[in-house]
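Observations on the three-dimensional arrangement
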Amino acid sequence: MSRAVFRNPWLPYALVAPQIAITIVFFFWPAFDSLRLSLYRASPFGDRLIFIGGGNFTRLLGDPAYFRSVATSLGFSLVVTVAGLAVALLLASLANARIRGLAVYRTLLLWPYGIAPAVAGVIWLFVFHPSFGVLPYLLSFVTDYQFNWFLKGWVALTLIVIAAVWKQFGYNLAFYLAGLQAIPGSVLEAASVDGAGPVRRFFAITFPLLSPVTFFLFTLNMTFAFFETFGLIHAVTQGGPGDATSILVYRAWKDGFDGLQLGYSAAQSVILMLLVIALTAVQFRYAEKKVTY
Amino acid sequence: MTRSALSVLVAAAVVLTGVPSTSRAATEIQFWHAMTAVLGERVNDIANKFNASQSEYVVKAVHKGSYPETLNAAIAAYRAKQPLHIVQVFEVGTQTMLSSGAVYPVYQLMKDHGVAIDWNDLISPVKGYYSSTGGNLYSMPFNSSTPILYYHKDHFKKAGLPDKPPATWDAVESMARKLKTAGVKCPFSSAWPSWVLVENMHAYHDQPFADNRNGFDGLATTLKINGPFGVKMMERLARGAKDGWFTYGGRLNKAEALMTAGECGIFTTSSAYIGNLARASEGKFAWGTGPLPRLAGFPQGNSIIGGATLWVMRGGKPEEYKGVAQFFKYLASTENQAWWAGVTGYLPLTNSTAKALEASGHYVKNPHQKTAVVQMNAGKTTPNSQGIRLGNFNSVRDAIEEQMENIFSGNKTAKQGLDDAVAKSNDILKEFAALYR
Amino acid sequence: MDRSSAITHVILVAAVVVLAFPLYYAFVISTQSLDEVTSLPPKLAPSTHLVQNYADAWSRVGMGRLLLNSAIVALAVALGKIVISLLSAFAIVYFDFRGKRLVFWMIFVTLMLPVPVRIVSTYQVVSVLGWVDTYWGLTVPLMASATGTFLFRQYYRTIPDSLAEAAQLDGAGPLRFLWSILLPLSTANIAALFVILFVYGWNDYLWPLMVTNSQEMRTAVIGIDSLIPRTSQLPEWNVAMAAAMMVLLPPVAVIVAMQRWFVKGLIETEK
């Protein structure tokens, strides 16, 4: 393990200075400003700033729409994560043989990671388009049901879930493939010699051995679905219909930017901050435990 | 980082972004607007015409995004003390601007610079909407429209309907049902759901939208859209959604995509849509216009205007304001007003302009542009139809449209949805009022 | 090829096809004319209007400038973050100095707060600095998080002390050590980080949306928004898809070209 080796009175400070400077100006200052602003009622042009203490928070926590947004965010993130991981794991397990060209497949499956969620959303928007899209067209042969995602919340949610899972899929698959390749063949052979069938082998050995990968992908996908799908929602559904796709980060942005209620929006950011801190703390604690140097 | 180092960086950034420096002989005036496509070109045209007509001032028209984005840009610029003189703000931002303390009232600007404007020549819906309690205009009317009805002549023929627009909501319903039977995908729809179907319908039938005379007598804190009229209107539309003769097309003006694609039989939206519809339908289908339909059993009011006005921001230099006053004087001339209204399809803002357009035979060549004018002239100006002025109106409109979606999808009854819209909106309005107690 | 290998191939090919279909469909749409787009049944073979549509998309939104902006942001964020975090990680691992613990936690805590969460306040800060609608405002605030520092720190901790001690014995100073020994060892990590940050910088949506106002400063992912047929525009999905294709090509190309390092680097991160 590396220990401090060099001695120099000023060099380390110079080395960390750029990062610290940017961190203070663009992280701490806004973070504290957010905290501060959340305690105020602020007018758009800055002419009025009225201290109201926890007023924004009580307003948030007393609003059933806010809790609906929490539920939507959590539900949406869980579905995207679980669906994404389950399908990726299934496919990876089925595909886990020593075959030629695995790297080629990996490339062909990984590339959607490079597509911005908003762009993925636009493409799926068209696939789902009620007038011209290929999916409603095909479905019209099966059923008369109008998949109008302007009005039907569950259709809108399905649309963005599919777009999000699609985008993340290759990434999840690549990780599971790598994880599976890292499991020594001897362990699985020993198990089959012991009489364990493939399903049993999977649940008793493979899945537990993959748990670090699963945990890592779980937190990553949850974070992605919680925050980075903003672009997807902004480009496709704008939080509607009703508030069916109004996730927390979209709400916070909308109230601040469209609604110009800066204090209220800052309060929502503060609550998001606490959620993320909890999530990251749990992840870090778990990750550090599993790693040995 | 020292202040001077920061300004060096900022200057470098300015150079990088290619913003031209203001070291020209003429005084530069920044004019931020939200007009896109054809309308954006017309804005550039009028700015260029002004610039060509004199050499002391240069108006730089910059497209800053949508209306909310333009407003946010203005706020950011104001707070960072960046130069910005004129900003186009949508009508729902009126109260926000009025309360802000950041504006230089237009009537004051004109008076200070000795520019005489005949404010009384403004058509009364425009004058009424944008005047303060003292009868003075704080912003310069620029682009105003009002909703009208459009209908697809070919679909009407297919459904065996006469070539005439429906005049009442009963007629809309019966015609839409026939259109549905004839296989029209979107028998009836509307863009701007809240503006057309709630705000305008209330004013059109002399019903109050909010307390304090729709916010003109003081900051409004309660909506009144869940009364018998509002519920009756909404119940009909909910029935339409359920029975399939009303096709909901999304919030704001998303539904225009349906009419543009030629799918709708009957459609209500802003009169400013005429230009786009003409372009989209060319060689494809014929269409007509008519006034908004009425609901039987309710009094007559008038439709209200939408659109935007030009606001002048504080914090500029005296010679810049001189230029702004000159630009506004230029805009206000009847000749330029007639040109602007003629090429854009927006309402003629003054009586003189309306007369000039009539006299030049403009309406003979563009009959559809007259529909809105006729509609407004035929209406009655009442306290309820003067306009609506709410703080955070943008959020209120969104709250209403959100509940409308719940109603049209069948999740809530009309009364329930309207009650919820009122509750949420009152909350928003009270927040705003609390800022200025 | 034995049976299980064949099945594996089939499954993987199927996955590739399903994943690729929306993109293929988007490409097909981007080659159609307006009439073909709006007519049913949808055609699945490319049509002939490719050049027209792409040229249209290019000129309508000033795609050249948009792509340039995205490239500037992606490269600046990637390179800036790499340089800054490399230096910080070096300092943290190889030096002892007063306040080191505080510095470490200050940097680390930024991991807990992604941009969307502090967005409104960051915007206020940027507007006070006068950086709204500038390249500075687009890039510098995105360099504030610690993913890179963390990655490099973890990696440097696995490097044996003997290397640094040997360098010192040779009379090399810390900067010399960094440049001649540590940097070459770090190339895999740097490459992986570059891919991640480039894609992130290119595709970031929320921050560029907030901090830019004028079309000339927008990045590609939000600049194409006006092409998405919404309201009174003609349903020109063909042009919209052409724009989408142009926007997603560079980051996808970066991933494809550097995917070996990318996966390796990610797996290292996870450890």
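The residue numbers shown here count from 1 along each chain, following its written sequence. To label them, take the chains in the order written and letter them from A, then take the ligands in the order written and number them from 1. Only residues with pLDDT of at least 70 are given local features in this predicted model, and only at 80 or more are side-chain atom pairs given and counted; all residues enter the totals for whole chains, interfaces and linings. Hydrogens and water molecules were not included; the side-chain quantities draw on all heavy atoms of the structure.

On to the sheet that holds strand β6 (residues 186-190) of chain B. All names here are of chain B. Read across the sheet, four strands follow the order β6-β7-β5-β8 without closing on themselves; strand pairing throughout is mixed. Bordering the open sheet on either side are β6 and β8 (287-290), each of which pairs with just one other strand. On average, adjacent strands in this sheet sit at an angle of 20° to one another, irrespective of strand direction. In terms of strand pairing, strand β5 (residues 147-152) meets strand β7 (residues 264-270) through five bridges, oriented antiparallel. Considered in β7, the bridge of Tyr150 is made with Phe267. Should any heavy atoms of two residues lie within 4.5 Å, those residues are counted as being in contact. Lines fitted to C-alpha atoms define the axes here, with helix axes fitted over just the stretch in contact, and angles between the N-to-C directions of these axes take values from 0 to 180 degrees. By definition, any uninterrupted DSSP run of H or I lasting at least four residues is a helix, any uninterrupted run of E lasting at least two residues is a strand, and each is numbered from the N terminus. Seen against the sheet, helix α13 (residues 274-281) touches β5 and β8 and runs at an angle of roughly 160° to β8. Strands β5 and β8 of the sheet are contacted by helix α18 (residues 368-378), whose axis makes an angle of about 15° with β8. At least two DSSP bridges between two strands are required for those strands to pair.

Membership of the largest hydrophobic core comes to 178 residues, with the highest contact counts inside it found for Val119(A), Phe90(C), Tyr94(C), Tyr156(C) and Trp237(C). Nonpolar core, defined: a set of buried Ala, Val, Leu, Ile, Met, Phe, Trp, Tyr and Cys residues in which side-chain atoms within 4.5 Å join the residues together. Each residue gets one of three labels from its accessible area relative to the maximum for its type: buried under 20%, exposed over 50%, partly exposed in between, using a 1.4 Å probe on protein chains only. Within the second largest apolar cluster, 137 residues are counted, among which are Trp169(B), Phe267(B), Val324(B) and Tyr346(B).

A few words now on the domain arrangement of chain B. All names here are of chain B. On domain assignment, one finds that chain B holds domain 1 (3-145 + 306-360) and domain 2 (147-303 + 372-435). An automatic or database domain assignment provides the domain bounds reported here. On a C-alpha basis, the centroid separation for the pair domain 1 and domain 2 is 29 Å. The partner domain 2 presents 22 residues to the 23 residues of domain 1 that form the contact. As a working definition, buried area equals the accessible area (1.4 Å probe) given up by two parts on being put together, with both sides summed. Taking both sides of the interface into account, the surface hidden between domain 1 and domain 2 amounts to around 1,800 Å²; carbon and sulfur atoms contribute 59%. Salt bridge, as applied in this entry: a Lys or Arg side-chain nitrogen positioned within 4 Å of an Asp or Glu carboxyl oxygen. Among the ionic pairs, Glu91 bridges to Arg397, the shortest N-O distance being 3.1 Å. We define a polar contact as two N or O atoms separated by no more than 3.5 Å, with the added condition that, inside protein, one atom must be a possible hydrogen donor and the other a possible acceptor, whereas residues neighbouring each other in sequence contribute only through side-chain atom pairs. Across the contact surface, domain 1 and domain 2 share six residue pairs in polar contact (both at pLDDT 80 or more). Of all the secondary structure elements, the ones that give two or more residues to the side of domain 1 that touches domain 2 are α4 (94-100) and α6 (124-130). Gly counts as polar in this scheme, as do all residues outside two lists: the nonpolar Ala, Val, Leu, Ile, Met, Phe, Trp, Tyr, Cys and Pro, and the charged Asp, Glu, Lys and Arg. Taken together, the residues of the side of domain 1 that touches domain 2 sort by class into ten nonpolar, twelve polar and one charged.

Leaving glycine aside, a negative phi is the common case for residues, and trans is the common case for peptide bonds. Residue and element names in this part refer to chain B. The backbone of Trp192 sits at a positive phi, close to 45°, despite the residue not being glycine. Take Trp192: it is sitting in the loop between β6 and α9 (193-204). Residues other than glycine seldom take positive phi values, yet Asn212 does so here, at roughly 55°. With respect to the helices and strands, the residue Asn212 is situated in helix α10 (residues 211-215). Overall, Asn212 belongs to the partly exposed group, its relative accessible area being 34%.

Taken together, the side chains of Leu78(A), Val82(A) and Phe218(A) make up a nonpolar region of the molecular surface, amounting to roughly 240 Å² of accessible area. Tracing the backbone through its elements, the reader meets Val82(A) in helix α3 (residues 64-94). The patch calculation keeps residues exceeding 30% relative accessible area without a salt bridge and links them within 9 Å when they carry like charges or within 5 Å when they are nonpolar (Val, Leu, Ile, Met, Phe, Trp, Tyr). We get accessible surface area from the Shrake-Rupley algorithm with a probe of 1.4 Å; when it comes to residues, only the shown protein chains can shield them.

This part takes up the packing of aromatic side chains. The rule is short: rings of Phe, Tyr and Trp, with Trp giving its six-membered ring, pair when the centres are within 6.5 Å, and they are stacked under 30 degrees, edge-to-face over 60, tilted in between. Per the stated rule, a full pass over the model turns up 54 aromatic pairs over all chains. Summarising the aromatic geometry, the rings of Phe230(A) and Trp253(A) are spaced 5.3 Å apart at their centres and angled 70° between planes, so their arrangement reads as edge-to-face. With Phe230(A) in helix α11 (residues 230-236) and Trp253(A) in helix α12 (residues 248-257), this residue pair connects regions lying 23 residues apart in the sequence. With relative accessibility at 1%, the residue Phe230(A) sits in the buried group. Relative to Tyr346(B), the ring of Trp340(B) has its centre 6.3 Å away and its plane inclined at 15°; by these criteria the two rings are stacked. For the residue pair Trp340(B) and Tyr346(B), the accessibility class agrees, reading buried in each case.

Our next topic: the side chain of His234(A). In this structure, His234(A) sits in helix α11. Among the residues examined, His234(A) registers a relative accessible area of 13% and is labelled buried. Within the local environment of His234(A), its side chain forms a polar contact with the side chain of Tyr205(C), the two groups lying 2.7 Å apart. Discounting chain neighbours no more than four positions away, the residues touching His234(A) are Tyr250(A), Trp253(A), Tyr205(C) and Leu209(C).

Our focus in this paragraph is the sheet that holds strand β1 (residues 27-33) of chain B. Residue and element names in this part refer to chain B. With respect to topology, five strands assemble into an open sheet ordered β2-β1-β3-β9-β4, the strand pairing being mixed. Each edge of the open sheet is held by one strand with a lone partner, namely β2 (57-63) and β4 (140-145). Between one strand axis and the next, the sheet turns by 20° as a mean value, whatever way the strands run.

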